[in-house]
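The residues making up each chain are set out below.
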Amino acid sequence: MLVFGGEKVTVVKKLLNIIDTETKKKGITRGEIAKRLGVSNGTVTNIFSRKHKISHLTFIELTKIAYDKYHHEYIQRFCENAKVGVEIDALEWAYANASTEILQILIDRDKKQKKPNPITAVYELQLKRMMGKINSDCFLNESENLKFTLSDHENYLEALILLGISTIYAFVDLAAYRAVQSISRNLLDQIQNIKNSYLKEAYKIRVELALIFSFIRSDELSKGKEFALKIVNSDVCNKLPLYYNNALIYMTDITVLTSYKESSRYISKAVEMMEEGYFDGYTQRKGMIKSTSDFVNIHHNHFKGLYLEDLAEQAHYHAKKKEQDKALFFLNRLEQKNGRLSNFQKYYKGLALDDLNLMKQAREGFYKSGDFHYVKLPENFIENSNKIS
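The model shown is predicted, which means the values in this text are computed figures rather than measured ones.

**Q** Sorry if this is basic, but what is going on with the packing of helix α11 (residues 177–191) against helix α12 (residues 197–217) here?
**A** Geometry of a packed helix pair, given as the angle between the helix axes and the separation of the axes. Packing of α11 against α12 leaves a shortest axis separation of 9 Å and a crossing angle of 160°. As the angle between them shows, α11 and α12 are arranged roughly antiparallel. When the axes of α11 and α12 are compared, the crossing they make is left-handed. Two secondary-structure elements touch here, α11 through Y177, V180, Q181, S184, L187, L188 and I191 and α12 through K200, Y203, K204, V207, E208, A210, L211, F213, S214, F215 and R217. Here the contact of α11 with α12 is built from residues that sort into 11 nonpolar, 3 polar and 4 charged.

What follows is the structure in structure tokens.
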């Protein structure tokens with residue numbers, strides 16, 4: 001509780017006062033705010049006067065109206081101090097915006113309630129996966145176990161669908177791509193029964209992204225491209241930035257082996273989002289964007305402006321530059337760290353040593369993992385070697 005001019009003012013009220021002042025300073029009328037929020041002018045007046053309780057998502061949208069983008073500091077303070085219950089769409093917003101601290105705050109708040117929402121446990125599990133704090137097998141097992149804890153709660157459908165999404169995430173991680181496609185079709189049908197429009201759109205895109213990934217790895221690129229372009233050409237960037245960024249990354253995957261111009265265009269948009277601060281609280285995402293950007297450029301022999309923060313892409317760079325010793329130095333570090341080389345890293349080693357046997361090992365590894373798209377990397381090398389010999 002804060003005191004201003006002898007009057008006690010809550011943190012939430014102070015935040016609303018700041019936003020009210022900011023909108024007035026910018027000449028944004030109550031009518032414009034009402035239109036953006038989809039409510040009446042009277043409701044907006046009541047929100048600012050605290051006659052109406054304000055939901056998390058309404059406050060989140062108010063920060064965007066006032067500042068042209070989400071004000072994460074104010075949103076976090078609101079989430080820490082709000083007296084309303086934690087709504088599912090607020091949890092989803094935090095996840096879709098890669099706001100891991102805010103998501104954890106919301107999860108912790110709901111867990112303190114007498115009757116926590118069962119869906120909170122699903123978000124907590126997905127947050128662990130997002131942060132790399134759980135392996136694929138444990139994630140699948142815990143997702144399956146949570147299904148037995150669900151009761152006939154008012155959000156039973158949403159919780160069941162989100163657990164279904166967890167299952168397809170686990171199958172993606174375990175390279176069971178055909179299973180992803182069959183489960184996804186059923187989930188997309190069930191998602192149509194969700195009444196909340198924000199959740200309906202978010203969950204639908206989540207499933208579509210898993211489908212895109214499975215199509216890419218199965219080398220069904222035209223199917224993946226159809227779904228990915230639909231997301232890239234939509235208006236979800238600001239509402240669901242993590243999902244939009246995933247679609248850009250997947251379009252990069254789809255085009256990288258055939259077109260530097262196209263893949264560079266998509267990864268540049270993903271990098272631009274990162275540089276605009278969309279993923280400041282999500283280190284793993286920033287690292288993935290940077291390494292993907294490096295892969296695209298190195299693969300096509302463009303060596304300017306590289307990040308080279310990832311050990312594997314440092315090895316890739318030196319392999320492409322025919323600097324064998326430097327490439328092997330980084331690959332040896334990776335093997336010591338992880339106990340083995342990934343399929344990509346075996347490909348980089350074969351590239352560095354110009355070794356046909358290593359390329360065949362990499363090819364076999366890609367096939368065994370179900371990756372029929374990136375297996376083309378060693379296959380193209382082997383094919384070109386056979387032509388030369």
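**Q** Teacher, can you tell me more about the layout of surface pockets here?
**A** The gaps left among the atoms become clear once a water-sized probe is rolled over them. In this structure, the second largest pocket occupies an estimated 430 Å³ of space. Together, 21 residues line the second largest pocket, and Y70, H72, S99, G277 and Y278 are the ones closest to its centre. Looking at the lining of the second largest pocket, the elements with two or more residues in it are α5 (72–81) and α7 (100–111). Across the lining of the second largest pocket, the residue classes tally to 6 nonpolar, 8 polar and 7 charged.

**Q** Explanation requested: the pattern of salt bridges in the structure shown.
**A** Any two side chains of opposite charge can pair, so long as their charged atoms come close to each other. Under the definition given, this model contains 18 salt bridges. A salt bridge links K376 to D219; its shortest N-O distance comes to 2.7 Å. On the criterion of sequence distance, the pair formed by K376 in helix α21 (residues 376–388) and D219 in the loop between α12 and α13 (221–232) is long-range, its members being 157 residues apart. The shortest N-O distance in the salt bridge between E309 and K290 comes to 3.3 Å. Placement of E309 in the loop between α16 (283–299) and α17 (311–320) and of K290 in helix α16 is noted, with a sequence separation of 19 residues between them. Connected through salt bridges with shared partners, the residues D20, K24 and R30 form a single ionic network.

**Q** I keep staring at the side chain of T120 and nothing clicks. Help me out?
**A** With respect to the helices and strands, the residue T120 is situated in helix α8 (residues 118–130). The exposure class assigned to T120 is buried, which follows from its relative accessible area of 2%. Within the local environment of T120, its side chain forms a polar contact with the side chain of D110, the two groups lying 2.6 Å apart.

**Q** Where do I start with the packing of helix α14 (residues 241–255) against helix α15 (residues 260–275) in this structure?
**A** The N-to-C vectors of α14 and α15 enclose an angle of 155°; their axes lie 8 Å apart at closest approach. As far as their axial angle goes, α15 and α14 are roughly antiparallel. Here α14 and α15 pass one another in a crossing that is left-handed. Residues P241, Y244, N245, L248, I249, M251, T252 and T255 of α14 pack against E262, S263, Y266, I267, K269, A270 and M273 of α15. Looking at the contact of α14 with α15 residue by residue, the class counts come to 9 nonpolar, 4 polar and 2 charged.

**Q** I'm lost on the packing of aromatic side chains in this one. Help?
**A** The geometry of two aromatic rings is summed up by the distance between their centres and the angle between their planes. The final tally for this structure, using the stated rule, is 16 aromatic pairs. Arranged with centres 6.5 Å apart and planes meeting at 50°, the rings of Y95 and Y243 form a pair that is tilted. One end of the pair, Y95, is in helix α6 (residues 88–96); the other, Y243, is in helix α14, with 148 residues separating them in the sequence. A single burial state applies to Y95 and to Y243, both of which are buried. When the ring of Y367 is compared with that of F372, the centres are 5.6 Å apart and the planes differ by 55°; the resulting orientation is tilted. In this structure, R265 is placed above the aromatic ring of Y266, and the distance from its NZ or CZ to the ring centre is 4.7 Å. A cation over a ring is seen here: R285 above F279, with NZ or CZ 5.9 Å from the ring centre.

Calculation notes
Numbers given for residues are sequential positions, taken from 1 along each chain in its written order. Selection of residues for local features in this predicted model requires a pLDDT of at least 70, selection of side-chain atom pairs for listing and counting requires 80 or more, and totals for whole chains, interfaces and linings are taken over all residues. Calculated side-chain values reflect all of the structure's heavy atoms, with hydrogen atoms and water omitted. For helices, the axis comes from a line fit to the C-alpha atoms of the stretch in contact; other axes are also lines fit to C-alpha atoms, and the angle between any two N-to-C directions lies between 0 and 180 degrees. Helix numbers and strand numbers start at the N terminus; a helix is a DSSP run of H or I with at least 4 residues, a strand a run of E with at least 2. The cut-offs work like this: below 35 degrees is roughly parallel, past 145 is roughly antiparallel, 65 to 115 is roughly perpendicular, and the gaps in between are oblique. Definitions for this section: a left-handed crossing has its near helix turned counterclockwise from the far helix by less than a right angle. A right-handed crossing has that turn clockwise. For this analysis, residues touch if any pair of their heavy atoms sits within 4.5 Å. Following the grouping adopted for this structure description, the nonpolar residues are Ala, Val, Leu, Ile, Met, Phe, Trp, Tyr, Cys and Pro, the charged ones are Asp, Glu, Lys and Arg, and the polar ones are all others, Gly among them. Space inside and on the surface of the protein is sampled on a 1 Å grid over the protein atoms alone, with a cavity defined as a set of points where a 1.4 Å probe fits but cannot get out and a pocket as an open set with protein on both sides within 12 Å along at least 5 of 7 lines; lining residues have an atom within 4 Å of a point. Grid points are joined across faces, edges and corners, and a volume is the space filled by probe spheres set on the points. Here, a salt bridge means any Lys or Arg side-chain nitrogen found within 4 Å of an Asp or Glu carboxyl oxygen. Throughout, exposure labels follow a simple rule: accessible area from a 1.4 Å probe, protein chains only, divided by the maximum for the residue type, with under 20% read as buried, over 50% as exposed, and the rest as partly exposed. Here a polar contact is recorded for every N or O atom pair within 3.5 Å, except that within protein the pair must consist of a potential hydrogen donor and a potential acceptor, and residues adjacent in sequence are included only if both atoms are side-chain atoms. Any pair of Phe, Tyr and Trp rings, taking the six-membered ring for Trp, is counted once the centres come within 6.5 Å. Such a pair is stacked with planes under 30 degrees apart, edge-to-face with planes over 60 apart, and tilted for the rest. Only Lys NZ and Arg CZ are tested; either one counts as a charge over a ring when it is within 6 Å of the ring centre and within 35 degrees of the ring normal.

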